[in-house]
Amino acid sequence: MERVAIVGAGHAGVQAAASLRDEGFGGDIELVNAESALPYHRPPLSKRFAEGLTDEAIALRPAAFYAAEDIRLRLGTAVEEIDARRQRLTLRTGEQLAYDQLILATGSRNRRLAVPGAELNGIVSIRDLGDAYRLASSVVIGTRAFVVGAGYLGLEVAAVLARRGVKVTVAASRPLPLGRSVSPETAKVLAAALSDMGIETIVGASIAGFEGDTCLSGVRLGDGSLSETELVVIGIGAVPNVELADHAGLAVDDGILVNEALATSAANISAIGDCARIRGCSRLESVANATFQARRIAARLCGKPDLTPETPWFWSDIGEFKLKMVGVRQPDDVVQTLTVDGGHVALCFRDGQLAAVETINANRVHVAARRILDAGVPLGMDVANAPGFDIVAHAKALAARAAEGFRAA
Ligand code: FAD
């Protein structure tokens, strides 16, 4: 293997390039990205857009990193085609790039809302730096904003706007905010938090269209009513960027399909991050997943042992509410809530064993839960229910036992 090409320089692509070097790969690395900005962290876009973000402040790595690691970073350059048989990429510039191994890290894009008026000025969604700048310029005290969707991005943006004196309405398709992602118990805490922030939530709302001449003036709801507003933020989820892979004949189905080793259906092509889905599992959209898969693929391509599996985890900052989740909750999980350090904790049990943990402003519990779930040592509901059970102390005891075992070995 002499030439590795990576398509997409988001969290996954950049980490893959860095990890290849960490693992000792000395060949060529071509890292090709459609966006022109120096590759950057996406989470601050929806949490800190009003603070005047700069490219440098949110860069994943300083510009000098790529030169120092001999990584050829091509910005503003989309890959238009993969010739999987000849192992070649065609770039938008017409240039061709040959590879021995190809890593697809094309990420995802925001789902669009196809209703009349969707092209009016004043309707934004947040995915890239340009969106964050546009949103920042729309924050004017005393104006109104209408957020379509009560998922992470919608709620994060709503909280920032409300804090800046914008009157915010959130339209939620489900009875509770984040109803698809967190337990009803945690969603209720968030619903109360939104109300405390002065954010109005319309439950079960459908959007018929947007009104205005060239600039937006209001949102027409499914029941015929009009909500007047100067700004609309669309946050209705993301779809994976699979078209490049699809056209090349790779298997795709809500993501580029990969096996446990992150290999696609084509020889010498792997896929990682938001664009990839492991067969039989749901696709994950998180920085932790993108970074971990990038480290794993680098290890595999360099012939190193596979990494110890990590339990999926995710965070979101909704104003002052620091939501963290570890493990993937299922609708049938039995949920027990407790208050630790003044924060909210929801323990989710499946078949009597701890399977996922949601916390709001209880970081010590999140860290402990990750330790417990990563260790793979079962924690039964009976143990967690025993009087005086302390999950943080339990995690520490597990770590101490593991260290003892390590020393003994
Ligand atoms: P991306 O970061 O999407 O990068 C993919 C890159 O590939 C893009 O730059 C794209 O332009 C490029 N590309 C696509 N097609 C081509 C092509 N044909 N040729 C060349 N380049 C191409 N996750 C969390 O865990 N916590 C958070 O708090 C959080 N907040 C978020 C806030 C926002 C506003 C957004 C948008 C996402 C957030 N996420 C968060 C999700 C997280 O950012 C993603 O899971 C992560 O960015 C995935 O990384 P990736 O490298 O797979 O994809």
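A quick note: this is a predicted structure, and the numbers were derived from the prediction, not measured. (Residues numbered from 1 in each chain as written. Predicted model: local features only at pLDDT ≥ 70, side-chain atom pairs only at ≥ 80, totals over all residues. Heavy atoms only, no water.)

S.K.: So what exactly am I meant to see when it comes to the sheet that holds strand β5 (residues 88-91) here?
M.R.: On the basis of which strands lie adjacent, the open sheet formed by 3 strands has the order β4-β5-β6 and antiparallel pairing. Of all the strands in the sheet, the pair left with one neighbour each is β4 (79-83) and β6 (96-98). Across the sheet, the mean angle separating the axes of adjacent strands is 20° when strand polarity is ignored. Pairing between β5 and β6: 3 bridges, direction antiparallel. Considered in β6, the bridge of L89 is made with L97. (Pairing = 2+ DSSP bridges. Helix = DSSP H or I, 4+ residues; strand = E, 2+ residues; numbered from the N terminus. Axes fitted to C-alpha atoms, helices over the stretch in contact; angles between N-to-C directions.)

S.K.: How do you make sense of the side chain of R277 when you look at a structure like this?
M.R.: Summarising the element assignment, R277 is placed in strand β20 (residues 276-278). On the basis of relative accessible area, R277 is assigned to the buried category, the value being 14%. A distance of 2.9 Å separates a polar atom in the side chain of R277 from the backbone oxygen of C281. (Buried < 20%, exposed > 50% of the residue type's maximum accessible area, 1.4 Å probe, protein only. Polar contact = N/O pair within 3.5 Å; in protein donor to acceptor, adjacent residues only side chain to side chain.)

S.K.: Looking at this structure, I do not really get the sheet that holds strand β23 (residues 334-340). What am I missing?
M.R.: Strand pairing in a sheet relies on backbone hydrogen bonds, with the paired strands running either antiparallel or parallel. The strand order across the open sheet built from 5 strands is β21-β22-β25-β24-β23, with neighbouring strands paired in antiparallel fashion. At either margin of the open sheet sits one strand with a lone partner, and together these are β21 (313-318) and β23. Neighbouring strand axes in the sheet, compared pairwise and without regard to direction, differ in orientation by 20° on average. In this structure, β23 lies alongside strand β24 (residues 343-350), joined through 7 bridges in antiparallel fashion. Residue pairing in the sheet places V334 in a bridge with F349 of β24. Taken strand by strand, helix α9 (residues 363-375) contacts β21, β22 (321-326), β23, β24 and β25 (353-360), and its axis lies near 155° from that of β25. (Contact = heavy atoms within 4.5 Å.)

S.K.: Can you walk me through helix α8 (residues 287-301) in this structure?
M.R.: The periodicity of an α-helix, 3.6 residues per turn, causes residues three or four positions apart to be oriented the same way. Compared with an ideal rise of 1.5 Å per residue, which puts 15 residues at 21 Å, α8 spans 21 Å between its outermost C-alpha atoms and is within 8% of the ideal. Burial runs high along α8: 11 of the 15 residues are buried. Of the positions making up α8, those classed as buried are A288, N289, A290, F292, Q293, A294, R296, I297, A298, A299 and L301. Contacts made by the buried residues of α8 are with α1 (11-22), β7 (101-104), β19 (269-271), β20 and β21. (Expected span 1.5 Å × (residues − 1).)

S.K.: I tried to follow the nonpolar core on my own but got confused; where do I start?
M.R.: One broad rule of soluble globular proteins: the nonpolar side chains tend to lie buried together. Judged by nonpolar contacts, the single largest core of 48 residues is most densely connected at I6, L20, L89, L102, I103, L104 and I272. Broken down by element, the residue count for this core peaks at 6 residues, all from α1. Residues in contact with L102, not counting those within four places in the same chain, are A5, V7, I82, L89, N268, I269 and S270. Of all hydrophobic cores here, the second largest spans 38 residues; its members include I126, Y152, L161 and M325. (Core = buried A, V, L, I, M, F, W, Y, C linked by side-chain atoms within 4.5 Å.)

S.K.: Sorry, what's going on with the pattern of salt bridges here?
M.R.: Two side chains with opposite charge may pair up if their charged atoms get near one another. For the structure shown, the criterion picks out 23 salt bridges. With a closest N to O distance of 2.5 Å, E230 and R144 form a salt bridge. Separated by 86 residues along the polypeptide, E230 in the loop between β15 (226-228) and β16 (231-234) and R144 in strand β10 (residues 144-148) bring together distant segments of the chain. One salt-bridge network, held together by shared partners, links E30, R74 and E95. (Salt bridge = Lys/Arg side-chain N within 4 Å of Asp/Glu carboxyl O.)

S.K.: Explain the domain arrangement of the protein here, please?
M.R.: When the parts of a complex come together, some accessible area is lost, and that lost area is often taken as the interface size. Each assigned domain of the protein is listed with its residue range as follows: domain 1 (3-109 + 238-301), domain 2 (123-234) and domain 3 (320-408). Here the C-alpha centre of domain 3 lies 32 Å away from the C-alpha centre of domain 2. Contact residues are listed per partner, giving 15 residues for domain 2 and 11 residues for domain 3. With both chains or domains summed, domain 2 and domain 3 bury close to 970 Å², and 66% of this area falls on carbon and sulfur atoms. Here domain 2 and domain 3 share 1 salt bridge between them. Between R163 and E320 there is a salt bridge; the shortest N-O distance is 2.0 Å. Scanning the region where domain 2 abuts domain 3 turns up 5 residue pairs in polar contact (both at pLDDT 80 or more). Considering every element that reaches the side of domain 2 that touches domain 3, the biggest residue donor is helix α6 (residues 184-196), with 6 residues. (Domains from an automatic or database assignment. Buried area = accessible area lost by both parts, 1.4 Å probe.)

S.K.: Sorry, what's going on with the site of the ligand here?
M.R.: Within the structure, the ligand sits among 33 residues, and A12, E35, R42, K47 and D274 are positioned closest to it. One of the backbone N or O atoms of W315 is found 3.0 Å from an oxygen atom in the ligand. When the free accessible area of the ligand is taken as 990 Å², the share hidden by the protein chains comes to 93%. Put simply, the parts of the chain that give the shell around the ligand at least two residues each are α1, α2 (43-47), α8 and β21. Class assignment for the residues of the shell around the ligand results in 16 nonpolar, 11 polar and 6 charged. When we break the shell around the ligand down by domain, the ones giving at least three residues each are domain 1 (3-109 + 238-301) and domain 2 (123-234). (Near = heavy atom within 4 Å. Areas by Shrake-Rupley, 256 points an atom, 1.4 Å probe, with all protein chains shown as cover. Nonpolar A, V, L, I, M, F, W, Y, C, P; charged D, E, K, R; others polar.)

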